[in-house]
2 protein chains.
Amino acid sequence: MSDPTPNGAQSLIRTLVDSGVEVCFANPGTSEMHFVAALDEVPGMRAVLGLFEGVVTGAADGYARIAGKPACILLHLGPGLGNGFANLHNARRAHTPIVNIVGDHATYHKRFDAPLESDIDAVAGAVSTWVHRSMTSESAPTDGARAVAEAMRSPGGVATLILPADVCWLESTPPAAPVMPQPPAIVPQEVVDAAARALRSDGSSVLFLGGRTLDERGQRAALRIAAATGAKVFGEVFPRVQRRGAGVPVVERLTYLAEFAQMQLGDATSMVLVDVPEPASFFAYPGKPSSLVPEGCAVSTLATGTDDAVAALEALADALGAPDDVPVAEAGRPERPTGELTIESVASAIGALLPENAIVIDEAQTSGIFNQGATAGAPPHDWLTLTGGAIGIGVPLALGASIAAPDRPVLNLQADGSAMYTLQGWWSQAREGTNVTTVIYNNSSYAILRMELARVGADEPGPQALGMLDLARPDLDFVQLAQGMGVAAERAQTAEEFTEALERALANDGPNLIEAIVPPLGL
Amino acid sequence: MSDPTPNGAQSLIRTLVDSGVEVCFANPGTSEMHFVAALDEVPGMRAVLGLFEGVVTGAADGYARIAGKPACILLHLGPGLGNGFANLHNARRAHTPIVNIVGDHATYHKRFDAPLESDIDAVAGAVSTWVHRSMTSESAPTDGARAVAEAMRSPGGVATLILPADVCWLESTPPAAPVMPQPPAIVPQEVVDAAARALRSDGSSVLFLGGRTLDERGQRAALRIAAATGAKVFGEVFPRVQRRGAGVPVVERLTYLAEFAQMQLGDATSMVLVDVPEPASFFAYPGKPSSLVPEGCAVSTLATGTDDAVAALEALADALGAPDDVPVAEAGRPERPTGELTIESVASAIGALLPENAIVIDEAQTSGIFNQGATAGAPPHDWLTLTGGAIGIGVPLALGASIAAPDRPVLNLQADGSAMYTLQGWWSQAREGTNVTTVIYNNSSYAILRMELARVGADEPGPQALGMLDLARPDLDFVQLAQGMGVAAERAQTAEEFTEALERALANDGPNLIEAIVPPLGL
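Rules used throughout
Residues numbered from 1 in each chain as written. Chains lettered and ligands numbered in written order. Predicted model: local features only at pLDDT ≥ 70, side-chain atom pairs only at ≥ 80, totals over all residues. Heavy atoms only, no water. Buried < 20%, exposed > 50% of the residue type's maximum accessible area, 1.4 Å probe, protein only. Helix = DSSP H or I, 4+ residues; strand = E, 2+ residues; numbered from the N terminus. Contact = heavy atoms within 4.5 Å. Salt bridge = Lys/Arg side-chain N within 4 Å of Asp/Glu carboxyl O. Phe/Tyr/Trp six-rings, centres within 6.5 Å; stacked < 30°, edge-to-face > 60°. Lys NZ or Arg CZ within 6 Å of the ring centre and 35° of its normal. Least-squares fit on C-alpha atoms with pLDDT ≥ 70 in both. Buried area = accessible area lost by both parts, 1.4 Å probe. Polar contact = N/O pair within 3.5 Å; in protein donor to acceptor, adjacent residues only side chain to side chain. Domains from an automatic or database assignment. Disulfide = S-S within 2.5 Å. Pairing = 2+ DSSP bridges. 1 Å grid on protein atoms, 1.4 Å probe; cavity = no way out; pocket = protein on both sides within 12 Å on 5 of 7 lines; lining within 4 Å. Points joined across faces, edges and corners; volume = space filled by probe spheres on them.

## Examining helix 17 (residues 447–455) of chain B
Then step 1. All of the buried residues along helix 17 of chain B are B:Ala447, B:Leu449, B:Met451, B:Glu452, B:Leu453 and B:Arg455.
Then step 2. Buried residues in helix 17 of chain B make contact with helix 2 (33–41) of chain A together with helix 10 (258–265) of chain B.
Then step 3. Just past helix 17 of chain B, the residue B:Gly457 takes up positive phi, approximately 90°.

Structure below.
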């Protein structure tokens with residue numbers, strides 16, 4: 001440290017580094033300038049600039065899902081937090097640990113209601129599990145240590161620390177010692193035994209998994225339970241991370257379309273929840289039920305997010321005397337596709353080429369329906385999804401995941417409309433030299449909304465309604481958009497072109513983008 | 001209407017149209033699909049799609065600043081509102097009337113805490129003067145009429161109507177009659193007389209103007225008052241709209257840099273505020289005062305935002321027996337510049353070519369400091385600024401202004417870093433065929449933050465800090481970014497190239513962008 005008496009920013013950053021926080025995703029302004037200056041004065045914190053706050057917040061989500069520990073974020077007052085809100089919402093739904101630092105006016109400046117003054121606390125409360133305002137430079141280090149512990153408290157969450165400018169610039173105290181996060185609770189044996197009875201009961205039973213249970217350990221325990229009880233096992237529709245691929249015990253996910261999810265759940269009479277809420281449809285539809293719990297089905301809970309849910313699954317498997325051997329996904333890849341470029345041939349190319357231990361960022365929406373099938377037998381990999389439904393997660397999630405695991409290939413399967421919310425992330429991917437390959441499905445539409453318009457019963461849409469779902473007039477040129485931010489890009493119009501482009505992109509370090517011109521899914 | 005019994009969305013839209021709302025800036029999702037379908041079933045509402053919600057909210061601000069009446073906005077639940085938050089914050093600071101419709105889950109669906117569920121009310125409260133949730137389809141029309149009146153209530157504000165999906169799709173009642181907004185209050189004569197005494201008092205006095213008083217009527221009255229009293233007159237730093245140009249009575253604006261603003265205000269002993277808060281610095285700086293009111297200066301208020309402030313200024317001028325004649329800006333333009341392309345030569349070209357009755361959208365930040373001087377004698381025009389300090393307003397503000405006044409040329413003077421927050425607006429400019437010319441100042445940096453880093457006293461920044469202020473590595477190519485969204489674009493590297501490009505762009509209909517490669521302001 002350059003100065004024997006640290007200021008608030010310096011002591012806070014040192015505390016964060018000591019607590020294991022190594023990366024700061026930032027889009028700062030004037031009120032954060034002392035924090036920014038301190039990034040050089042304290043060793044150990046890597047600063048990554050995003051040109052829009054949604055990039056910053058989505059990157060912190062992707063980083064923590066892969067690193068298993070939080071990054072910090074640096075945002076500029078209420079409007080900066082607003083711009084970062086949607087991807088913090090997704091992170092909240094993923095239970096991602098994030099230390100969300102929101103700079104604010106100096107404590108004594110707030111009463112002037114300067115133009116950037118707004119109710120930061122109200123906005124932060126809607127996406128955070130913990131909100132605290134540092135009021136003095138002396139308390140900043142201990143506030144920082146507590147923020148890390150609150151972010152890491154099981155199941156993980158967004159801990160927001162509001163940081164006034166003068167708290168940063170005034171003289172502070174030495175760095176605070178790290179605070180151990182509260183460990184997850186151990187599920188009592190009687191709850192485990194009750195779950196065993198529920199799954200053994202007459203009729204068909206369902207084990208429904210979410211949260212952190214879709215890693216390899218959790219899925220293995222779940223499939224052991226299925227083998228012992230005959231229960232069907234499903235994972236939540238949009239998991240934070242699912243481990244999958246050849247040799248991995250893989251749990252089937254519930255589908256987004258409620259009609260199909262109801263078919264999967266069938267006439268279950270008993271359902272056990274593990275770190276997941278009761279299944280419900282994503283949206284309401286006129287005349288259709290919101291709950292997906294079959295009529296008369298008894299629902300019980302083995303573990304919630306504050307519990308060690310994976311350990312609970314293993315305890316349940318043991319209590320059932322379940323076998324250790326479970327079915328795993330068989331190795332196998334599709335042939336390299338030829339001919340027309342469709343979402344199916346794109347899927348085949350991905351399945352044929354997906355590298356070992358890849359991180360797949362899936363925001364492909366309707367264009368992605370063949371991707372899971374095509375990659376089921378590919379080498380083991382992690383699959384990250386849009387957890388909170390706020391589109392615009394893919395580009396930043398890929399950025400953050402790649403910074404957490406620079407040696408792993410990251411493949412972002414990205415819908416066109418969704419990409420446009422946070423396309424600025426490509427610039428950060430280029431600046432940081434991330435090994436991200438982006439496949440853009442350019443179908444010139446919000447295809448999912450075309451489907452949803454029909455599903456809500458809005459028949460025969462007129463020209464204005466169709467215009468709201470249409471991304472043509474003018475066509476978006478993603479090759480230009482990516483190149484304009486320093487990312488190498490090319491366009492593919494046939495299956496051969498796409499497959500060769502994907503092979504080249506995966507062989508290259510640094511970010512690459514392939515624009516796949518595909519027809520929208522015909523539903 | 002296609003159906004004798006309208007649903008909630010149809011009756012609401014009909015009510016809005018009857019209340020004078022003609023444009024809906026939208027970025028909808030599934031929960032808004034019945035509203036979207038109704039846009040065709042009810043005549044009179046033009047739907048404009050934005051590919052990101054910050055575009056939608058900024059466009060509604062630009063529209064209403066020019067049209068003098070609200071547009072409506074259609075956003076998708078909490079995350080959509082979050083994405084639109086920053087430009088709603090700017091609109092709040094501009095006192096812009098906006099009917100902000102935020103779609104939500106169906107009333108009965110909320111208890112399932114589906115992935116997109118969040119606390120919309122909390123976020124809306126931070127940017128709205130009025131927040132209401134429609135709970136039945138029967139109340140939707142009256143809620144809509146009230147939202148328009150609340151948006152228009154002086155001085156104008158963001159009226160947020162939260163609209164559950166089932167309120168849209170269920171059968172409703174006939175459209176509601178428009179509600180007249182509460183008119184602005186008339187300032188009592190004794191307040192006018194007190195202001196007259198304050199400005200006539202010994203010592204130097206200052207009349208400080210904001211809100212709607214920087215139109216031609218307000219500025220004329222203010223200059224009459226100055227002529228009668230010798231008071232100095234200043235407009236707020238970032239006005240919503242200022243009328244200016246040859247033949248217009250123009251009030252000088254206070255400068256952003258507090259050091260200069262203090263010099264402008266001098267040793268005033270009396271200050272009268274008109275629809276504006278006391279002058280304060282934009283940010284706090286170590287060791288510098290936040291308030292810009294000179295020591296010992298008595299501050300009084302002639303009118304607030306709820307008053308008819310322009311009428312109060314005219315009453316004050318009359319009470320003072322002020323002359324009718326006031327100085328107006330003289331006609332005169334700079335020469336067409338030659339040689340190096342700098343922010344000064346860009347300003348000269350703009351001054352030489354600015355068309356009559358143009359709408360200038362100023363988000364040029366540090367690159368714009370010569371623009372007001374260079375255009376002072378240009379033909380009369382309106383100047384719109386970043387009112388709330390949340391950068392990323394320019395591109396959408398230009399979109400909305402152009403939709404409000406399709407026959408007027410719109411010139412967006414746009415900083416590079418700020419443009420990147422809402423660049424998606426170029427696509428909407430292209431789709432709607434708006435007559436917007438964008439000048440991007442590409443100086444490869446957040447130049448204003450370089451200045452601010454020095455101003456806050458953070459000396460000798462290190463490489464990570466400088467990296468946070470630097471938009472190079474990689475360079476942004478705005479020609480590709482604009483073309484990728486269907487906007488014609490070219491790059492200028494000399495004053496001649498820029499001037500010719502600007503002349504071509506202003507002569508063309510439809511959006512155009514010129515990327516001006518300029519050195520950052522050396523401060």
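## Digging into the pattern of salt bridges
Then step 1. Enumeration over the complete set of coordinates arrives at 48 salt bridges over all chains.
Then step 2. Among the ionic pairs, B:Asp113 bridges to A:Arg93, the shortest N-O distance being 2.8 Å. Within this pair, whereas B:Asp113 is found in the loop between strand 4 (98–104) and helix 5 (120–125), its partner A:Arg93 is found in helix 4 (residues 77–94), the two belonging to separate chains.
Then step 3. When its relative accessible area of 39% is taken as the criterion, B:Asp113 is described as partly exposed.
Then step 4. Here A:Arg431 makes a salt bridge to B:Asp470, at a shortest N to O gap of 3.6 Å. Remark: B:Asp470 occurs in the loop between helix 18 (463–467) and helix 19 (478–483) and A:Arg431 occurs in helix 16 (residues 425–431); the pair is interchain, linking two chains.

## What about the packing of aromatic side chains?
Then step 1. Counted by the stated rule, this structure contains 15 aromatic pairs over all chains.
Then step 2. Ring plane angle 90° and centroid distance 5.3 Å describe the contact between A:Phe52 and B:Phe52, whose orientation is recorded as edge-to-face. With A:Phe52 in the loop between strand 2 (46–49) and helix 3 (53–67) and B:Phe52 in the loop between strand 2 (46–49) and helix 3 (53–67), the pair connects residues from two separate chains.
Then step 3. Classification of A:Phe52 by relative accessible area gives buried; the value is 1%.
Then step 4. Chaining the aromatic ring pairs together yields one cluster made of A:Phe52, A:Tyr421, B:Phe52 and B:Tyr421.
Then step 5. Above the face of the A:Trp383 ring, A:Arg244 is positioned so that its terminal group lies 4.7 Å from the ring centre.
Then step 6. The ring centre of A:Tyr285 lies 4.3 Å from the NZ or CZ of A:Arg455, which sits over that ring.

## Observations concerning the relation of the copies chain A and chain B
Then step 1. Mapping chain A onto chain B leaves a residual RMSD of 0.0 Å; the transformation is a rotation of 180° accompanied by 0.0 Å of translation along its axis. In symmetry terms, the pair is related by a two-fold rotation axis.
Then step 2. Looking at chain A, 100% of its interface residues are interface residues in chain B too, so the copies touch through the same face.

## Quick look at the interface of chain A and chain B
Then step 1. On the chain B side, the residues contacting the 96 residues of chain A number 96 residues.
Then step 2. Carbon and sulfur atoms supply 64% of the area that chain A and chain B bury against each other, a total of about 7900 Å² over both sides.
Then step 3. Where chain A touches chain B, the interface holds 53 residue pairs in polar contact (both at pLDDT 80 or more).
Then step 4. The set of elements that each furnish at least two residues to the side of chain A that touches chain B consists of helix 2, strand 2, helix 4, helix 5 (120–125), helix 16, helix 17 (447–455), helix 18 (463–467) and helix 19 (478–483) of chain A.

## Digging into the domain arrangement of chain A
Residue and element names in this part refer to chain A.
Then step 1. Assigned domains of chain A: these are domain 1 (8–169), domain 2 (189–319) and domain 3 (343–517).
Then step 2. Taken together, the contacts link 20 residues of domain 2 with 22 residues of domain 3.
Then step 3. Both sides together, the interface formed by domain 2 and domain 3 hides about 1700 Å², and carbon and sulfur atoms give 46% of it.
Then step 4. Contact with domain 3 buries surface across domain 2, with Arg243, Arg244 and Tyr285 losing the most and accounting together for 35% of the total.
Then step 5. The tally of links between domain 2 and domain 3 comes to two salt bridges.
Then step 6. For the salt bridge of Arg455 with Glu259, the shortest nitrogen-to-oxygen distance reads 2.7 Å.

## What to know about the state of the cysteines
Then step 1. All chains considered together, the criterion is met by zero disulfides over all chains.
Then step 2. Here A:Cys24 is not disulfide-linked; the sulfur of A:Cys72 is the nearest cysteine sulfur, at 3.7 Å.

## Looking at the sheet that holds strand 7 (residues 205–209) of chain A
Residue and element names in this part refer to chain A.
Then step 1. As summarised here, the arrangement of the five strands in space is 10-8-7-11-12, forming an open sheet in which the pairing is parallel. Edge positions in the sheet fall to strand 10 (252–253) and strand 12 (298–303), since each of these pairs with one other strand and no more.
Then step 2. Bridge analysis of strand 7 against strand 8 (residues 232–235) gives four bridges, and the strand direction is parallel. Across the sheet, Leu209 pairs through a bridge with Gly235, a residue of strand 8.

## A few points about empty space enclosed by the protein
Then step 1. What the rule picks out here adds up to four cavities of 30 Å³ or more.
Then step 2. The calculated volume of the largest cavity comes to roughly 50 Å³.
Then step 3. Looking at the largest cavity, the residues that line it are A:Phe52, A:Gly54, A:Asn83, A:Ala86, A:Asn87, A:Ile391, A:Gly392, A:Tyr421, A:Thr422 and B:Asn83.
Then step 4. Element by element, the count of residues in the lining of the largest cavity is highest for helix 4 of chain A, at three residues.
Then step 5. Residues lining the lining of the largest cavity come from more than one domain, with at least three contributed by each of domain 1 (8–169) and domain 3 (343–517) of chain A.

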